[in-house]
Every structure is written in structure tokens, then in C-alpha cells.
Amino acid sequence: MQLQLCTWQEVEAYLAKSRGIILPIGSTEQHGPNGLIGTDAITAEAIARGVGEAVGALVAPTIAVGMAQHHLGFCGSMTLRPSTLIAVVRDMIESLARHGFERFYFINGHGGNIATVTAAFSEVYAARSLQAAGNAPPLVCRLKNWWQTPGIGALSKELFGDAEGSHATPSEVAVTQFLYPQAIKKASLDPPVAPKGDFADAADYRRNFPDGRIGSNPGLATPEHGKRIYETAVAELAADYRSWVG
Ligand code: NI
């Protein structure tokens with residue numbers, strides 16, 4: 001169930017039986033020569049909606065622009081400053097909490113969001129804990145990175161081995177190919193497996209990783225692999241959501 005496709009009366013009725021909501025968060029940033037700019041938002045949104053259907057939970061609108069300053073050396077990439085993203089996440093949680101939502105389950109598609117979203121959770125908790133009444137009713141937030149569930153780790157190892165890498169991975173590119181076959185891109189990847197390493201800011205990233213990939217060979221992505229990865233992520237996160245929300 002998507003929040004955007006409900007009426008307010010339907011949301012009111014939902015709250016009588018559940019206090020949980022799923023919030024997809026991604027990024028709008030380069031994903032190498034054959035990866036879509038929207039990869040992280042597209043994957044997080046589709047997996048979140050799949051989980052929402054599996055567990056009967058509401059799914060909030062996707063936060064499609066994340067913390068991606070390190071990708072700004074590549075055309076089309078957009079970022080929110082950490083302080084902006086903290087404010088966005090906090091305002092979304094507190095808007096929903098006003099209506100009675102208490103459990104906020106973020107499904108994340110972008111590693112660069114982790115520190116900032118975690119900081120946003122701390123801001124929410126701090127504001128609540130500093131009140132005399134404390135965090136009551138208790139708001140609880142959870143961030144799950146869809147690519148880091150145990151089943152996805154095993155599957156990406158089986159499908160791609162060490163060529164999974166850490167950015168513009170064959171796993172995430174495959175999921176977008178499954179979801180948007182009309183947008184599959186062909187590109188020559190040289191070297192096939194991109195270099196690994198570190199970076200600081202956007203210029204440093206571009207210098208170290210000239211085509212945008214880190215450690216990956218997204219040429220191995222196929223829509224069929226993407227379907228398996230999508231289904232595994234939905235199943236694992238649905239089980240996690242069920243046990244977390246109760
Ligand atoms: Ni990504």
C-alpha cells in the first residue's frame with residue numbers, strides 16, 4: 001500500500017491496526033558507464049513497495065536524492081548536504097509521528113546515506129528524550145540496506161564473486177534491468193573489474209575512479225539476476241519487518 005495512493009480515512013483506519021511504516025531512501029548519482037543515475041532510488045523504492053505488499057504495510061514517498069557529494073564530479077549527480085538530509089528525514093518522521101506512527105522502517109539503496117540517516121535518527125531520539133515526558137509514545141527507527149541482508153550477500157557472491165565491488169555493482173544494476181528493461185544500457189567497461197580504493201571529496205573520487213565504478217563489473221548484470229536479487233531482498237526484508245513491528 002502506497003501512502004500516496006491512500007485517502008486520509010484509509011490511513012486513519014490503517015493506524016488502528018498498525019503503527020509501522022516503510023520509508024524508501026535512495027540517491028540520484030552516477031552509477032558508472034552502464035548504470036542508471038536513479039539506481040539507488042529505483043531499487044530502494046521497488047524493494048520497499050514489494051515489502052509493503054508482502055506484509056501489508058504502508059510505504060511512504062521515496063526520498064530520491066540522498067547524500068552524494070562524492071559523486072558530484074560526474075554529470076547528473078545531485079546531493080543533499082548532510083544537514084539538509086537530516087532535516088528531511090527528521091521532518092518526515094515527525095510529520096508521520098503526529099498521526100500516530102511509531103515504527104519507521106527505512107529501506108536504503110545508498111551507502112552514502114547511512115551516516116546521515118543514522119544521525120537523523122539520533123536527532124529524533126534526542127529531541128524526544130530531552131522532553132520531560134521522554135520518548136513517549138516510543139518512536140523507533142530502523143535503517144536496512146537492502147544489499148546487505150545475508151541472503152543478498154550469498155546470492156551476489158554466487159552470481160558475481162569478487163566482481164560485485166562496492167559502487168555501480170552488478171547486483172544493483174541487475175535490479176534496475178529487471179525493473180526497467182527498456183532502459184538497459186550497453187557500454188564497454190575497461191578494465192572489466194574497476195579498481196578498488198578510497199576517496200575523500202568529489203574531485204578525489206573522479207581522479208581515483210575515472211568511470212565512476214569502484215571494484216565492480218556491472219557488465220555481469222542481467223535482468224534475470226536482477227529478478228532473483230529483487231525477490232530475495234523483498235523476502236528477507238519482509239521477514240525482518242514482520243519480526244520488528246510485531
Ligand atoms: Ni548505488
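Here is what the cut-offs are and how they apply
- Residues numbered from 1 in each chain as written.
- Predicted model: local features only at pLDDT ≥ 70, side-chain atom pairs only at ≥ 80, totals over all residues.
- Heavy atoms only, no water.
- Core = buried A, V, L, I, M, F, W, Y, C linked by side-chain atoms within 4.5 Å.
- Buried < 20%, exposed > 50% of the residue type's maximum accessible area, 1.4 Å probe, protein only.
- Helix = DSSP H or I, 4+ residues; strand = E, 2+ residues; numbered from the N terminus.
- Contact = heavy atoms within 4.5 Å.
- Axes fitted to C-alpha atoms, helices over the stretch in contact; angles between N-to-C directions.
- Parallel < 35°, antiparallel > 145°, perpendicular 65-115°, else oblique.
- Left-handed = near helix turned anticlockwise from the far one by under 90°.
- Nonpolar A, V, L, I, M, F, W, Y, C, P; charged D, E, K, R; others polar.

J.: I'd love a proper account of the nonpolar core, names of residues and values included.
T.: With 52 residues, the main nonpolar core has Val89, Phe104 and Phe106 as its most contacted residues. Element by element, the count of residues in this core is highest for helix 8 (residues 223-245), at 8 residues. If sequence neighbours within four positions are ignored, valine 89 has contacts with Ile25, Ile63, Phe106, Val117, Ala120 and Phe121.

J.: Got a sec to walk through the packing of helix 3 (residues 82-98) against helix 4 (residues 114-129)? Specific residues and values, please.
T.: Axis separation between helix 3 and helix 4 bottoms out at 8 Å; the angle between their running directions is 50 degrees. Put simply, helix 3 runs oblique to helix 4. Here helix 3 and helix 4 pass one another in a crossing that is right-handed. For the pair formed by helix 3 and helix 4, the contact residues are Pro82, Leu85, Ile86, Val89, Arg90, Ile93 and Glu94 on the first element and Thr116, Val117, Ala119, Ala120, Phe121, Glu123, Val124 and Ala127 on the second. Grouping the constituent residues of the contact of helix 3 with helix 4 by class yields 11 nonpolar, 1 polar and 3 charged.

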